[in-house]
Protein chains: 2
Amino acid sequence: MEERFEYYMPTRIVSGSGCVQKNASLFRVYGERALIVTGKSSAKNGALSDVEGVLRGNGQSYRVYDRIPNNPTVESVTEGARIARECGADFVVAIGGGSPMDAAKAIAMLARQDAKEGLFAHAIGEDVLPMLHIPTTAGTGSEVTQYAIITNDEKQTKTSIAAKSLFPQVAFLDGEYMKELPQDIAVNTALDAMSHAIEGMLSVRAGVFTDALARESLRLLLGERKALSEGTYTAESRQNLLHGSTLAGMVIANTGTTAVHGMGYSLTYFHQVPHGRANGLLLPAFLRICAKQIPQRIEEIYAAIGMGEEAFSAFVDALLGRRETYQDSLLRAYAEKASLNKNIKNCMVYFSEEDLYAVLKASLSK
Amino acid sequence: MEERFEYYMPTRIVSGSGCVQKNASLFRVYGERALIVTGKSSAKNGALSDVEGVLRGNGQSYRVYDRIPNNPTVESVTEGARIARECGADFVVAIGGGSPMDAAKAIAMLARQDAKEGLFAHAIGEDVLPMLHIPTTAGTGSEVTQYAIITNDEKQTKTSIAAKSLFPQVAFLDGEYMKELPQDIAVNTALDAMSHAIEGMLSVRAGVFTDALARESLRLLLGERKALSEGTYTAESRQNLLHGSTLAGMVIANTGTTAVHGMGYSLTYFHQVPHGRANGLLLPAFLRICAKQIPQRIEEIYAAIGMGEEAFSAFVDALLGRRETYQDSLLRAYAEKASLNKNIKNCMVYFSEEDLYAVLKASLSK
């Protein structure tokens, strides 16, 4: 691990059952009019009506934009920004999983900045609408990061935009909003969060601060392995998963992700494999290759996981069920694509195109 | 531990040997003219000349205000603010231990706000000069908190002022600046940091996030117990102590402190006992009383410390050497004074005036 590191995470976190309603004053300071950004299904877990109630109680007006697709597109965030300008939104409230939360960041930015050179080429400035994020899944950590992952059709992948100004002002963590979460989404998002914590510990930017957060994240997430395996969640286990996911978000806000995410984007872009599942499919084989080069560090990670390599691999396998498989030629192509991703350089272990192919082959070959 | 919690710490942290010189650009963004706030001795460890070199290299001008006494007074921060206005400072650079770093916060605020109602009665607003903090001791954690502790002669104690706007913008963590630190200061400041981590775990505002930081803090600080006991430090041990202290600062930024600090202020105000030493004197007896009421939580704390009650108590005793002792009537008076401190309510265990007296008596009786 590098001795030098940087750490920055300016989002205010408010956690606990009912925290949105109990902190209505935190909404009041950001202006008169809100744009609520959410997905079609995110609206149904109680979070939207809680936010609407708070805004009405505060005498604030709002408009709901709920046309964010899974894996948000440039079109959807451009439309969202147009609506934000049209209704004169002073701030944005994001409700949902990674897609609405990431889309809300791009919308909050595009509402104030003309990205004439295109979203991905635009140098993001400071002027962004204030954002309040309410995760309703425990996976992305977007509520505490400066990243927004948007589908990039030109490059046929998902591309991350990043800027200090994209950190939300406030993140509300209430596990109650995960009560109706389908089991497949609960599992996929938990795998995403585990991947964040683990990749963060393998980043060249890892430091003692992010390590402490990553270990706590893994302790909380893996502490719920029975709940995840059986699909039985209590209020406490939901809150633990959510805290684990947010902690992992605080980690990657400072460390970035590595090759797992780099490879996973192709599975999501070309085969609609859910993002967290894509990471879960690749993680065990990725760790096995890392273990050959940095065995001590990988041991530290398994110590944080609280399971050995085999047990963890079996646990992930059981969560995933039947694996997707792809033609060898596709796996070759995805390895090449991943080798061009900037997060490859971010890992303590250098993954050549051949190494990436080895991970993809071990994980997904027919 | 409360299920609900809040977490906020917006300071950017930059860590590692040479981090001031390697991050000259972080100074450039805050304006043309700096006021450097430091103590007489803090100037001699290399930090001041590094900062001067960076500012000159950036083409920025600066003035040095080095008349901050130990336990800064209202007069010293008022004078500092007058100088900041006089030289048109755009930002403040604080170099030193808790006294210069806390004073710099009050100066940065008073340079922009008229506190006509008095420093301690003033409602601190948002308009504060940007601050860059460089700790040269590993104890206070002031570089990552919103607190400034200033001597309050009217109330004959030390009083904390606090506001979101008092978080420094950047904290530079370079253990090299602790190279010339006298052993008594190294020990006293380490005891302060331990006290922050431990009191943070006993705060009613403790949560999983602060717990993770507190545990890592105690792991790092107590991992250097041999260095602390023997007064032999390596570059690595200095950096570990500094990281431990900053992590503990991140904890108390969110949890506040408890009765240990409340009682310690009297020892410092009336008997010039160094702040960290005052906490160290009281900590073991405080923990013994807490253990009667919340044994499980205290066990978690000793697990994080990595020693049992007796071993930790003996370790602290050895660090402290001969204890100060006071007349019973004084201890009674300090118990009464501490019982009025607002941080008494902040503890998981309620300490009545009688309990406070019991701690003081066990720690300091003739």
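Residues numbered from 1 in each chain as written. Chains lettered and ligands numbered in written order. Predicted model: local features only at pLDDT ≥ 70, side-chain atom pairs only at ≥ 80, totals over all residues. Heavy atoms only, no water.

**Q** So, the environment of A:L241: which residues are in play, and what are the values?
**A** Residue and element names in this part refer to chain A. Position of L241 relative to the elements: it lies in helix α9 (residues 235-255). With 104 residues separating them in the primary sequence, L241 and T137 have C-alpha atoms 8.9 Å apart. Contact partners of L241, with chain neighbours within four places excluded, come to A138, M178, L221, E224, L228 and Y233. (Helix = DSSP H or I, 4+ residues; strand = E, 2+ residues; numbered from the N terminus. Contact = heavy atoms within 4.5 Å.)

**Q** Let's hear about the nonpolar core: which residues, and what values?
**A** Counting 158 residues, the largest nonpolar core has A:Y7, A:F286, A:F312, B:Y7, B:F286 and B:F312 as the members making the most contacts within it. Ranked by size, the runner-up nonpolar core spans 32 residues in total, among them A:M101, A:A104, A:I107 and A:L166. (Core = buried A, V, L, I, M, F, W, Y, C linked by side-chain atoms within 4.5 Å. Buried < 20%, exposed > 50% of the residue type's maximum accessible area, 1.4 Å probe, protein only.)

**Q** Residue-level account of the sheet that holds strand β1 (residues 5-7) of chain A, with values.
**A** Strand order in this open sheet of 7 strands is β1(A)-β2(B)-β9(B)-β6(B)-β5(B)-β3(B)-β4(B), and the pairing throughout is mixed. Sheet topology places β1 of chain A together with β4 (61-65) of chain B at the edges, where each strand pairs with a single neighbour. Neighbour-to-neighbour, the strand axes of this sheet turn through a mean angle of 15°, independent of strand direction. Taken together, the 5 bridges between strand β5 (residues 91-96) of chain B and strand β6 (residues 131-135) of chain B define a ladder with parallel strand orientation. Paired with B:V92 across the bridge in β6(B) is B:M131. The strands that helix α7 (residues 208-223) of chain A touches are β1 of chain A together with β2 (12-15) and β9 (170-173) of chain B; relative to β1(A), the one it contacts most, it runs at about 60°. (Pairing = 2+ DSSP bridges. Axes fitted to C-alpha atoms, helices over the stretch in contact; angles between N-to-C directions.)

**Q** Go over the relation of the copies chain B and chain A, please, and point to the residues and values.
**A** Note on the copies: chain B fits chain A at an RMSD of 0.0 Å, the axial shift is 0.0 Å, and the rotation between them is 180°. These values place the two chain copies in the arrangement generated by a two-fold rotation axis. Judged by C-alpha distance, B:P10 is the residue of chain B that lies nearest the rotation axis, at 1.9 Å. Here 100% of the interface residues in chain B have copies in chain A that are interface residues too; the copies meet face to matching face. (Least-squares fit on C-alpha atoms with pLDDT ≥ 70 in both.)

**Q** I'd like to hear about helix α11 (residues 275-293) of chain A, residue by residue, with values.
**A** All names here are of chain A. In this model α11 runs 27 Å from its N-terminal to its C-terminal C-alpha over 19 residues, within 8% of the 27 Å that 1.5 Å per residue would give. Of all the bends in α11, the largest measures some 40° and sits at L283, one to four residues before the proline P284. In terms of residue burial, α11 counts as a mostly covered element, since 15 of its 19 residues are buried. (Expected span 1.5 Å × (residues − 1). Bend = angle between axes of the 7 residues up to and from the residue.)

**Q** Describe helix α5 (residues 98-110) of chain A, naming the residues involved and giving the relevant values.
**A** Helical geometry note: an α-helix holds 3.6 residues per turn, so side chains three or four residues apart project in the same direction. All names here are of chain A. With 13 residues, α5 should reach 18 Å at 1.5 Å per residue; the first-to-last C-alpha distance of 18 Å fits that figure. α5 sits mainly inside the fold: 12 of its 13 residues count as buried. If you check which residues of α5 are buried, you get S99, P100, M101, D102, A103, A104, K105, A106, I107, A108, M109 and L110.

**Q** With reference to specific residues and values, describe the pairing of strand β3 (residues 33-38) of chain A.
**A** All names here are of chain A. With 5 of 6 residues buried, β3 lies mostly within the body of the structure. The pairing of β3 with strand β4 (residues 61-65) spans 5 bridges and is parallel. Note that in β4 the partner of L35 across the bridge is R63. Here β3 runs beside strand β5 (residues 91-96); their pairing, made up of 5 bridges, is parallel. Residue pairing for β5: A34 is matched across the bridge by F91.

**Q** Give me the lowdown on the pairing of β6(B), citing residues and values where you can.
**A** Residue and element names in this part refer to chain B. In terms of burial, β6 is a largely internal element, 5 of the 5 residues being buried. Note on the crossover from β5 through helix α5 (residues 98-110) to β6: the handedness is right-handed. Strand direction decides the pairing type here: β6 and β9, joined by 2 bridges, are parallel. Residue pairing in the sheet places H133 in a bridge with A171 of β9. (Right-handed = clockwise from strand over helix to strand, strands pointing away.)

**Q** Help me get a handle on the interface of chain B and chain A, residues and values and all.
**A** Every contact between the two is made by 33 residues of chain B and, on the other side, 33 residues of chain A. For the chain B face of the interface with chain A, the top three residues by lost area are B:R4, B:R12 and B:F209, together amounting to 22%. For the pair chain B and chain A, the interface holds 4 salt bridges. With its nearest N and O atoms 3.6 Å apart, the salt bridge here joins A:R12 to B:E6. (Buried area = accessible area lost by both parts, 1.4 Å probe. Salt bridge = Lys/Arg side-chain N within 4 Å of Asp/Glu carboxyl O.)

**Q** So what about the side chain of A:S142? Which residues, and what values?
**A** Residue and element names in this part refer to chain A. Position of S142 among the secondary structure elements: in the loop between β6 (131-135) and β7 (147-152). Using a relative accessible area of 1% as the deciding quantity, one classes S142 as buried. Not counting the four nearest positions on each side in its chain, S142 is found in contact with M101, D102, K105, H133, Y147 and P168.

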